[in-house]
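# Inside the fold
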Amino acid sequence: MAEQTKEYRATLKPEGVRGKSIRKDELREVPHVTSRPNAKYAWAAGVAMSRFLDELKEGRIVGRKCRKCARVLVPPRMFCERCYRQTDEWVELPGTAVIETFAVSYLDTDANRIKEPILVGVVDLDGAPPHCGFMHYFDEMSPDEIHIGMPVEAVWKPKEERDGAITDIRYFRPRRK
Amino acid sequence: MGFTDRFQKTTEPRHRLGAMEADHYIYSAGIAGEKFFTALRDRGIILASHCKACAITYVPSRLFCERCFAELTDSDDREVGPEGEVATFTLVRQDSAGNALPEPEILAVIRFGHETTGFLHKLGEVSPEKVETGMKVEAVLKPQEEREARITDIAYFRPVKK
Amino acid sequence: MNLKETNRSAAVVGAGMTLFASRLQETGKEMTWEAAKMALDQAGLTLADIDAVILGTAPDAFDGVHKKGEWLLDGAGGVGKPYMRVYTGGGTAVMAPIAGWWHVASGMYDKVLVLCEEKMSSVQPHAQSAFGHIWDPILDRPLKPNLVWIFSMEMQRYMHKYDVSYEDIASVAVKNKRNAVGHPCAQLADPDITLEDVINSEPMALPVRRLDISPPSDGASAVVIVRGDMAHDLTEIPVFIDGVGWCIDTTMWTNRDLAFPEFVVKAAKMAYDMAGIDNPKKEIDVAEPYDPFDYKEVQHLEALGLFEPGEAARATREGKTQRDGELPVCPSGGLLGVGNPIAATLGIKVGELFWQLSGQAGVRQVKKDIRTGVTQAWGDLMQFSSVLVMRRH
């Protein structure tokens, strides 16, 4: 078997590895087919998230409390995945938070380059235990000012423009005294 | 207060509509596929790969035998057809969206002899009631200038005229 | 959970991998066959010797074929055999061989072929459009997130909590891209890259810059796993799988501790316990942690118990994790240097440890005597980890 091992040692050299890099712009000569997927989806929000979205429309952030582990779950769910039991009650939160973490993004959703960076991150909501929050944008602050632990507050869309989505909150801004 | 109570109080189940954003996919024919489609386009022939050890002929051609993993090279190339045989068939009356087709289409798996794999294609120049399993058919190719190295370079298969 | 006793031992006796690059010419099946053939040839086996086949591959959305496992079947050599697909995102690279291990360790099969494939160039305009669908459709996707954001947010939190500098982290990218020089499958090997190149590369989502990220890629890898008592008949130096572990954290990613991956600690503990390793810092000679981003390598090294939290980045900058350092880390060149065809990174994780521990890594060979190695992969929505301890007996 030693022979094979030696032989193999030779095969993992460059000449042993076959194939070549072909990129999109070099495709013309390679027979291929292109096709476009056209499936459409309706993603259900579910019981807990539907209530959460309804409350956002009213300008309120709510969580769902598990009395056993005493956590207020945000994003809310009808069951506590740690205690593995049904959660007990809805709790309204004040809408203030601190920045848990953030990114200064020069990429949009399709990986296109953008000049003005998007400030985005995770908020750690007041009235909920640590690590209970969601992702959102930050604004009215510069990339130099933003930092972990910064106190922030939600800035809402005008009531008539809200449609029961996470984007009913426009962004979080530095908290005003 | 349980799941059901909550659900009944929710006036309208919320949802979000969307689509998969992938604009399109590129499916390449592969090394063996390239050989097959180039031969079809340029020489108007159906190319296959024969594995001697397993006594099987793969149509279209393949880079390797899926049974014994042997590499199938140019020396294993075989030309099959244009005559083949209907292994099985179905009559299609609707398009993929469920709309009635103006004319029903006959889809069939075509094989090219004993120990040979086959592929899916359309039948033409035949009425549905005349089609039967085992029927001898032959490939009708598009004119050379219209071929583009795709399976549709074969327009359809038609019964072999006696 | 009884981790010390499994029915029988299992060893890797062959490995193979293809070029990692954008490979629009070959089909996924053809790449899979190429890798599998190399692994079988090295083990001196044919497909007829193989009892069962495991195929690992990540989202169907990359190749654009549903039931990708079944689609790749012929290239994987699974026709007419017991066959299953393993899918835990990036974690697949080490989870698929773990599945291979339990097929053998359970006593069910003697010789198992494990393959991983990914073809990310099929999806247009960019693999990013497929990645978009791993976010929660109600809560996250209306914010139009880019996948890089979540890595950037993790990195930020990690740097903040442990007071780690960006420059120290960036030295991981330099090390791995240099290590990849001489790897015949490498996509981004660069012998001349400097820390300044990484620090000055294009900002993506700060703190993450372009050279902190491994590139999407196409490729396939394979290993052959056999019963321990057969291994010496098949190869000169078999490498035994002595410990396996895996663990997953909550799907609610904003509810996690983004600074430190506790789930990696748990997966590692399971693998170390099984391998009888009490002090990984002393007992591990070489490591191949998952490095899709430079900060992930250091975070993983710490969670694997090889460095104290917050110390791995500085140790990297000081050269301790170089191929000739105290603890060689990613001697393959890693995902940052060789490329990141998600599941197919099997070849630079488990494959590399096999080649290293059996002394077959050629120009990449770690010079000092190495006997025990750990490898790890990470995936799903940044929440899953698989760990494997490999040893020369």
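Above this note sits the structure.
Attention in this report is confined to the structure presented alongside it. Remember, it's a predicted structure, so these values are computed and weren't measured experimentally.

Right, let's talk about the interface of chain B and chain C for a bit. In this complex, chain B contributes 26 residues to the contact, which on the side of chain C involves 32 residues. For the pair chain B and chain C, the two sides together bury roughly 2400 Å², of which 62% comes from carbon and sulfur. At the junction of chain B and chain C, the tally comes to one salt bridge. Salt-bridge contacts for Arg62 of chain B lead to Asp74 of chain C; the nearest nitrogen and oxygen are separated by 3.5 Å. The interface formed by chain B and chain C holds 14 residue pairs in polar contact (both at pLDDT 80 or more) in total. Sorting the residues of the side of chain B that touches chain C by element identifies strand 1 (15-19), strand 2 (24-28) and helix 2 (30-43) of chain B as the ones contributing at least two each. When grouped by side-chain class, the residues that make up the side of chain B that touches chain C number 14 nonpolar, four polar and eight charged.

Right, let's talk about the interface of chain A and chain C for a bit. On the side of chain C, 64 residues touch chain A, which itself brings 57 residues to the contact. Across the chain A/chain C interface, buried area totals approximately 5200 Å², and carbon plus sulfur atoms make up 64% of it. At the junction of chain A and chain C, the tally comes to two salt bridges. Inspection of the region where chain A meets chain C yields 15 residue pairs in polar contact (both at pLDDT 80 or more). Looking at which element gives the most residues to the side of chain A that touches chain C, the answer is strand 8 (residues 96-107) of chain A, with eight residues.

Moving on to the packing of aromatic side chains. Residue and element names in this part refer to chain C. In total, this model carries 19 aromatic pairs over all chains according to the counting rule given. Seen in terms of ring centroids, Trp102 and Trp246 are 5.8 Å apart; in terms of plane orientation they differ by 40°. Their pairing is tilted. You can see Trp102 sitting in helix 5 (residues 92-105) and its partner Trp246 sitting in strand 9 (residues 239-248), a full 144 residues away along the chain. With relative accessibility at 33%, the residue Trp102 sits in the partly exposed group. Centre to centre, the rings of Tyr158 and Tyr162 are 5.7 Å apart; their planes meet at 55°, and the pair counts as tilted.

The rules behind the values
Residues numbered from 1 in each chain as written. Chains lettered and ligands numbered in written order. Predicted model: local features only at pLDDT ≥ 70, side-chain atom pairs only at ≥ 80, totals over all residues. Heavy atoms only, no water. Contact = heavy atoms within 4.5 Å. Buried area = accessible area lost by both parts, 1.4 Å probe. Salt bridge = Lys/Arg side-chain N within 4 Å of Asp/Glu carboxyl O. Polar contact = N/O pair within 3.5 Å; in protein donor to acceptor, adjacent residues only side chain to side chain. Helix = DSSP H or I, 4+ residues; strand = E, 2+ residues; numbered from the N terminus. Nonpolar A, V, L, I, M, F, W, Y, C, P; charged D, E, K, R; others polar. Phe/Tyr/Trp six-rings, centres within 6.5 Å; stacked < 30°, edge-to-face > 60°. Buried < 20%, exposed > 50% of the residue type's maximum accessible area, 1.4 Å probe, protein only.

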